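Examination of the molecular architecture
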Amino acid sequence: MAYLLRKIAIIGLIAVNSPLHSGKPADAALPEVVRQVTETARSEARNVTGSLTAAREAAEILAGMDPALRERILHAAATAVVGKQSAQR
């Protein structure tokens, strides 16, 4: 039964994307959409990697600081974040 449902789903997918049945032009921009999705995924991956690298470097810098100085910097950063959040509301 699962095999039959899978085959029906594949046939339905082909029919939906067919230019004959769905009214889509034969030169649909599917390759362009695929390219855009791929580029977006790559840029998001680069952004995440860059953010993680920056966070790791900041943690290494903070770990090497004097505890009193580290506390002052973290307190100032927390105050700035809370101030930005209340200003946005």
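Scroll up a little and you will see the structure.
These numbers were taken from a predicted model, which means no experiment stands behind them.

What follows deals with the overall build of the chain. Along its length, the chain carries four helices and zero strands. Counting every position in the chain, which comprises 89 residues, the buried fraction comes to 2%. With an accessible surface of roughly 7800 Å², the chain has 66% of that area assigned to carbon and sulfur atoms.

Here the focus is the pattern of salt bridges. Overall, the coordinates contain one salt bridge when judged by the stated rule. Residue Glu-60 pairs with Arg-56 through a salt bridge whose shortest N-O separation is 3.8 Å. In this pair, Glu-60 and Arg-56 are both assigned in helix α3 (residues 30–63), four residues apart and thus about one turn of the helix distant.

About the thresholds
Residues numbered from 1 in each chain as written. Predicted model: local features only at pLDDT ≥ 70, side-chain atom pairs only at ≥ 80, totals over all residues. Heavy atoms only, no water. Helix = DSSP H or I, 4+ residues; strand = E, 2+ residues; numbered from the N terminus. Buried < 20%, exposed > 50% of the residue type's maximum accessible area, 1.4 Å probe, protein only. Areas by Shrake-Rupley, 256 points an atom, 1.4 Å probe, with all protein chains shown as cover. Salt bridge = Lys/Arg side-chain N within 4 Å of Asp/Glu carboxyl O.

Just geometry here; none of it tells us what the structure is for.
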